[in-house]
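Given next are the chains, with one letter for each unit.
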Amino acid sequence: ACDSALVSNLPPSSFRSSSQLSSSHAPGFAKLNRRDGAGGWSPLTSDRYQWLEVDLGERTKITAVATQGRYGSSDWLTSYLLMFSDTGHNWKQYKQEDSIGSFPGNSNADSVVQYKLQQPAIARFLRLIPLDRNPSGRIGLRLETYGCPYTSDVVSLDGGGSSGLVYRLTPGPRGTFREVVSLKFKTLMNSGRLLHAEGEGGLGLSLELERGKLLLLLRRGTTQHTLPRTSTLLPSPRRLASLGSLLDDQHWHRLAVERRSTHLNLTVDKHTERVHIPAEFKDVVFILYNVHSTLLVSERNFHGCLENLQYNGLNLIELAKNKDLQVTIMGNVTFSCAESVSVAVTFPGPQSFLQLPGARASSSGGVSVGFQFRTWNKAGLLLTFDLPQEGGVVWLYLSEARLRLQIHKAGSALNDGQWHSLESFIQHDSYMCHVDASLSGCPAEDDRLRCRNPFNVFQGCMRLLTLDHHIVDLILVQQKQRGIYSNLQIDMCGIIDRCSPSRCEHGGRCSQSWTVFHCNCSESGYSGATCHSSEYEQSCEAYKHNGNTSGHFYIDVDGSGPIRPQLVYCNMTEENTWMVIQHNNTERTRVRPSPGVDQHSVHFDYSTEEEQLLAVISQSEHCEQELSYHCRKSRLLNTPEGSPFSWWLGGPGPGRVQTYWGGAQPGSQQCVCGLQGDCVDPQHYCNCDADRDSGLLTHTESLPVRSLLLGDIQRPESEAAYRVGPLRCHGDKNFWNVAFFDKETSYLHFPTFHGELSADIFFLFKTTAPSGVFLENLGIKDFIRIELSSSTRVVFSFDVGNGPLEVGVESSVPLNDDRWHRVRAERNVKEASLRLDQLPVARREAPADGHLHLQLNSQLFIGGTASRQKGFRGCIRSLQLNGVTLDLEERAKITPGVRPGCPGHCSSYGSLCQNQGRCVEGANGFHCDCSLSAYTGVFCHTEVSASFKPGTSVSYSFKEPYELGRNSSARPSSIYSDVTLRAENVSLSFRTNQSPALLLYVGSYHRESLALLVNKLGGEAFILKESVCNKNKFYPQLIRKICWLFQIDQNPREDFNLTSDGEFNAIKSLVLGRVHGSDEVDPELSRLASLGFTGCLSVVHFNSISPLKAALLHPHTSPVVISGPLVQSSCGSSASANPHAAEDTHHLSGRKGRSQVRFIHDQNLYNYVVNPSLCSVTSYTANTVFIYEHEKAMHSAFRWKNNNNSK
């Protein structure tokens, strides 16, 4: 075990500190459980600039640190930082989880607090920096570190064109298919080739530093036995991967490359990326295999140190030391690591500044200041100085990532026409200006002009600071022997690349400042602080339940998982919601055989990727694909015992050979006619072995069809054609996976949820209970929970080690209304968010530099808690964690108190059914029954329209008058009670250029009729009760006063009083278009009826029947007779309206292209008699409505409701 005490036996000379309170408080007394001196170390001043340093004598593996207060005192630390170094300079802070910098300290002077490092540190020097202490005492410390000796072999390379090592693999076959190269490196140079390996055929792999990142490159054109120095002639490489950042920080970094078959695992420090090897390189051995595989070659070679360089466990540095013939030393190589000392300073925050005294002026009257800097911020003040002779000030600053110089001269402006002097020098990444300087910021108490900072504060690192060409000794600054400073970290660069590795998921682009990172999720299809949550639904079924109709949609089958969104067509019908995935050839294609080729093969490329296809098939309730073969003298499968002439490949990957045809069973070597026993030739099992075979493939294991191979196509007079339709799937097993919890003590349990850095949870619920826990998962200290805390509030709470955080959403309406409600919660390293239904998202930012990892270890509880308290009563549906759906139904089948399934979907989705459509419950969801509606479609929203020609006629017949012959003396209203109308509700829409025209005609057995006309100037409605017909004259019987309520287009509704019989008796038929046999009606009406109608009729509704819909969609099962051309079209929809046509289209209810006239006929009024032979009701476009015989105006649609309620 690597846990030996490392400090207790060190001499006092191994200890250093920033200061000491007295000689008895010296750092040498800071040993655990010792009482020497004053019982520990205490500095002269108890502030945050103090430190204690320990020299372990050599690089050591450190696994734990323990602290203790000063013996017999009130002096101890409550928190501290740990720093490590190999040289006593260039310190590196140790952080937990890459974010937590501070360690917990002590609560008294005597107890020992030990912290085991999550990752061992390798260092010679350790520095502890106190952060907080006992407020009643001073800084006081005793410590111990634990670990073991660390041994290594190192080599130093000077970066010259010929400096490096060459390893030659022993010729012969390899004994392993797994190859690994591992090493550690450190450098101050941000570019250089670290490793190059050649394979066969001049192909090679390189690992190169570029701007502090490690690139994996594939190269072509190298040749074996080439001298390393000539490799600079390589052509442009292909980049495979980029890992790491800031690798030029002069700290050790671990690198490992592992080759397994067709992929590489590339690891830099703690981050690994799996890299697929392109097909053209699959036979190349990349890692140090060929005779002249080389390390560290070219003029851009690596300049720095390597440690423990190994190939498949073989120590190459040790072989080089021992002058093994397999390793050749080239150029200037030493077996030690000589490091140059470069003291940097970090400006971490707004209060950071460094002020240095001015140097002696040169003959030019100024001094020279130079430095290097690095930062992530686009803006910040780098340097400011005054102009003592001119009484002004100069600022050197960053703005929009550009270096700018601004001069403010007191007393006069610089645009005064006079000469003004400025001497500056810029070279490479350095800027030099003749100045006296203050760096970054200003002392808090200094508000004078010479240190005024009108710019953003610089946050970053500086090094190689020079005044008058002399290096500034920052150690003297740290010891307060030169200049003044505040809130600096001296002898280290604390810059962190928060974008390496990137926390932005799904291709989101990461950018950063000194303190935070941001993700640009545009064009990724995902949203959120880290581009984690998908913007799209997981299926067409989900889009339908959002109220969407047929169209193209992006589908993300695994939500926040790795599979990318795909564009599919969702065909939403009344029965099913189909997801349609196209391929490159869905048309019927004739086979054209090539001479000398006995078979014809074709491959199908789908519009979606492989993993998307398989996921769609897996989660759908049903999938199918049409496969048909039209043939003449071209046999298909032969007999079940013989070898098939044709076959197809289907299923995952390239597909498996399938020898059955659509409609048959897998492996049967039959077509559907063979399965049903009705083939043309009973000796064969396919019609094509004798005509044509087609059918649907429905076995998901065989889908989709990947390719088709057709034989027997070369015989004389042979003809063949095939068609492979698109893949069609309906249903979503995940969307309707639901469980019902009927007790507060019931719950389902699943394995632990692993969402360490990113976690999203989605589900739907419905309940009548006022509260309950939906989900809970516990850890030792961490937890995650979502609950209904009250009837109007949902709460998402969790703890990742920073203390409990809570995000809540309040609803203005009760949530226990037995309707489905959507919940989506997400937690990532930046924030937590919660969304309920369509309410605004609630967010809560994560603490800065806090714990990141959510560490859970209990079972995941759904619908309850481990304590069986505050359980949820109701239904939970479509529960998805990080895009993975939990199978609630399957677990509910074996769990007491929980049942699979949940009825009652129409209460939530019934409002989607429009136009008198009726919501019908289903086991999984609902559908809209449009049988009583004039509309069709998934939500009864699609207009049923048809184009009429002059000869077109649609006649809808009512019941026959079978009672008439038996009881001729009875009143017609009693004989024909089922076809006697006391209320009419008539509506339709139309578009036409014809005038006059008959839109609708209803006739009765008593020669009563109702007609809807369009005349040259307008539209008319008639109700005629005909009792006597003599010489073509009709005498209307005027019995009761009738009130007609009209609403035309968007005009206000108006009331009119007419007179007619209150009943429309014994109706016979309803006719759209041309009326045949209309001789018994008024001659003028008969003439119009014979002309027919030319134009478009749409959504015709007469009380409970829809005659046009019946004729178009159900002609064989409805009492309709169609004569003349009748073509279903979209002419009635608003999209079909042509703004340049002569047809007049009105609008209503905010919907373009729709128009109405509304008629309400109410008999329950006082008698009033008028005696016109024909009454018409007309509306002008100026919204003026008249009652006048034969007056006419232009309208395009009517809605008529006539209520005849007898007293």
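Residues numbered from 1 in each chain as written. Predicted model: local features only at pLDDT ≥ 70, side-chain atom pairs only at ≥ 80, totals over all residues. Heavy atoms only, no water.

Put simply, the rule is: UniProt positions are given in the numbering used here, feature names are shortened, and annotations may be inferred rather than shown by experiment.
By the naming in an unreviewed UniProt entry, the protein chain goes by Contactin associated protein like 3 and is assigned to Cyclopterus lumpus. UniProt lists a comment for the protein chain under the heading Subcellular location (unreviewed entry), and it reads "Membrane". Of the protein chain, the UniProt comment under Sequence similarities (unreviewed entry) reads exactly: "Belongs to the neurexin family."

**Here's the deal with the overall build of the protein chain**
Short version of the rule: A run of DSSP states H or I qualifies as a helix once it reaches four residues; a run of E qualifies as a strand once it reaches two. Both are numbered from the N-terminal end. Only protein chains enter the area calculation, which uses a 1.4 Å probe; residues under 20% of their type maximum are buried, those over 50% are exposed, and those in between are partly exposed.
What the protein chain contains, in helices and strands, is 10 helices and 88 strands. Counting across all 1207 residues of the protein chain, residues that qualify as buried make up 52%.

**Looking at the pairing of strand β42 (residues 566-572)**
Heads up, the condition is: Two strands qualify as a pair provided DSSP detects at least 2 bridges between them.
Covered by surrounding structure in β42 are Q566, V568, C570 and M572 only, the residues L567, Y569 and N571 on the alternate face being uncovered. Pairing analysis gives 5 bridges linking strand β41 (residues 551-555) to β42, with the strands arranged antiparallel. Across the sheet, the residue bridging to H552 is Y569, located in β42. Sheet topology places β42 next to strand β43 (residues 577-581); 4 bridges connect them, and they run antiparallel. Of the residues in β43, the one forming a bridge with M572 is T577. Linking β42 back to β43 in an antiparallel pair, the connection comprises 4 residues.

**Brief notes about the pattern of salt bridges**
Think of it this way: side chains of opposite charge can pair up when their charged atoms draw near. To keep things clear, this is the line we draw: One side-chain nitrogen of Lys or Arg within 4 Å of one carboxyl oxygen of Asp or Glu is enough to make a salt bridge.
Counting across every chain of the model gives 27 salt bridges. Ionic pairing is found between D742 and R899, a salt bridge with its closest N-O pair at 3.4 Å. Linking D742 in the loop between β53 (738-741) and β54 (748-750) with R899 in strand β66 (residues 898-900), this pair joins segments that are 157 residues apart in sequence. Of the charged contacts in the structure, one is a salt bridge between E810 and R793, with a shortest N-O distance of 3.6 Å. With a gap of 17 residues between them, E810 in strand β59 (residues 805-810) and R793 in strand β58 (residues 793-799) connect regions that are remote in the sequence. What makes E810 partly exposed here is its relative accessible area of 45%. Note on R793: relative accessible area 25%, which makes it partly exposed. One salt-bridge network, held together by shared partners, links R59, D86, K186, E307 and E339.

**What about the packing of aromatic side chains?**
Selection rule: Only centres within 6.5 Å qualify two rings of Phe, Tyr or Trp (six-membered ring in Trp) as a pair; their planes then separate them into stacked at under 30 degrees, edge-to-face at over 60, and tilted for everything else. For a lysine, the NZ atom is tested; for an arginine, the CZ atom; a charge sits over a ring if that atom is within 6 Å of the ring centre and within 35 degrees of the ring normal.
Counted by the stated rule, this structure contains 29 aromatic pairs. Following the ring pairs from residue to residue traces out a cluster consisting of Y80, F84, Y94, F103 and Y115. The lysine or arginine in question, R127, covers the ring of W51, its NZ or CZ lying 3.8 Å from the ring centre. In this structure, R728 is placed above the aromatic ring of W578, and the distance from its NZ or CZ to the ring centre is 3.9 Å.

**Digging into the sheet that holds strand β63 (residues 860-862)**
Selection rule: To get an axis, fit a line to the C-alpha atoms, keeping to the stretch in contact for a helix; angles then go from 0 to 180 degrees between the N-to-C directions.
Strand order in the open sheet formed by 6 strands is β54-β63-β56-β57-β58-β59, and the pairing between neighbours is antiparallel. Two strands bound the open sheet, and with one partner strand each, they are β54 and β59. On average, adjacent strands in this sheet sit at an angle of 15 degrees to one another, irrespective of strand direction. Here β54 runs beside β63; their pairing, made up of 3 bridges, is antiparallel. Within the sheet, the bridge partner assigned to F750 lies in β63 and is L860.

**A closer look at helix α9 (residues 1083-1091)**
Our working rule: Note that the arc is computed from the directions linking the helix axis to the C-beta atoms. The contact definition used throughout considers only heavy atoms, calling two residues in contact when any of these lie within 4.5 Å.
Among all positions in α9, only L1085, S1086, L1088 and A1089 are buried. Down the axis of α9, the smallest arc covering the buried residues is 165 degrees, so these residues share one side. Against the buried residues of α9 lie β74 (997-1004) and β75 (1009-1014). Just past α9, the residue G1092 takes up positive phi, approximately 75 degrees.

**As for the sheet that holds strand β48 (residues 656-658)**
Taken in spatial order, the 4 strands make up an open sheet running β45-β50-β47-β48, and their pairing is antiparallel. Where the open sheet ends on each side, the last strands, each with one partner, are β45 (600-603) and β48. The mean inter-strand angle of the sheet, taken between neighbouring strand axes irrespective of direction, is 20 degrees. Bridge analysis of strand β47 (residues 647-650) against β48 gives 3 bridges, and the strand direction is antiparallel. Paired with G650 across the two strands is R656, which belongs to β48.

**Here we look at unusual backbone geometry**
Residue P501 is reached from S500 by a cis peptide bond, and omega for that bond is -5 degrees. Cis peptide bonds are those with omega within 30 degrees of zero, and the linkage from L703 to P704 qualifies with 0 degrees. Residue placement: P704 occurs in the loop between β49 (692-697) and β50 (705-710). In this structure, A401 is a non-glycine residue whose phi angle is positive, near 65 degrees. Here A401 falls in the partly exposed class, since its relative accessible area comes to 45%. In this model, C940 sits at a positive phi of 55 degrees, which is unusual for a non-glycine residue.

**Some remarks on the nonpolar core**
Note the following rule: As used in this record, nonpolar core signifies buried Ala, Val, Leu, Ile, Met, Phe, Trp, Tyr and Cys residues forming a set joined through side-chain atoms within 4.5 Å.
Of all hydrophobic cores here, the largest spans 64 residues; its most connected members are Y629, L708 and F926. When neighbours within four sequence positions are excluded, F926 is seen to be in contact with K544, H545, C906, Y909, L912, C913, C919, V920 and F939. Grouped together as the second largest cluster of nonpolar side chains are 40 residues, F763, L815, L886 and L888 included.

**Re the state of the cysteines**
Put plainly, a disulfide is one covalent bond tying together the sulfur atoms of two cysteines. Note the threshold: Two cysteine sulfur atoms make up a disulfide if the distance between them is within 2.5 Å.
Tallied over the entire structure, the rule returns 13 disulfides. The side chain of C521 participates in a disulfide bridge whose partner is C531; the two sulfur atoms lie 2.0 Å from each other. The sign of the -90 degrees torsion about the S-S bond sets the C521-C531 disulfide as left-handed. Within this pair, whereas C521 is found in the loop between β38 (517-520) and β39 (526-527), its partner C531 is found in the loop between β39 and β40 (533-534), the two being separated by 10 residues in sequence. What pairs with C1096 in a disulfide is C1131, and their sulfur atoms sit 2.1 Å apart. With the S-S bond torsion at 80 degrees, the cross-link from C1096 to C1131 turns out right-handed. Pair noted here: C1096 is in strand β82 (residues 1095-1102) and C1131 is in the loop between β84 (1126-1129) and β85 (1161-1162), with a separation of 35 residues, a long-range link. For C1096, a relative accessible area of 5% puts it in the buried group.

**Quick word on the side chain of S245**
Mapped onto the elements of the fold, S245 is located in the loop between β15 (238-243) and β16 (253-260). Contacts of S245, omitting those with residues within four sequence positions, involve G212, K213, D497 and S500.

**Observations regarding the environment of G304**
Along the chain, the position of G304 falls in strand β20 (residues 303-311). Judged by relative accessible area, which is 11%, G304 ranks as buried. Expressed as a C-alpha distance, the spacing of G304 and D248, which sit 56 residues apart in the sequence, is 9.5 Å. Discounting residues that sit within four places of it in the chain, G304 has contacts with V155, S156, L157, K186 and T187.

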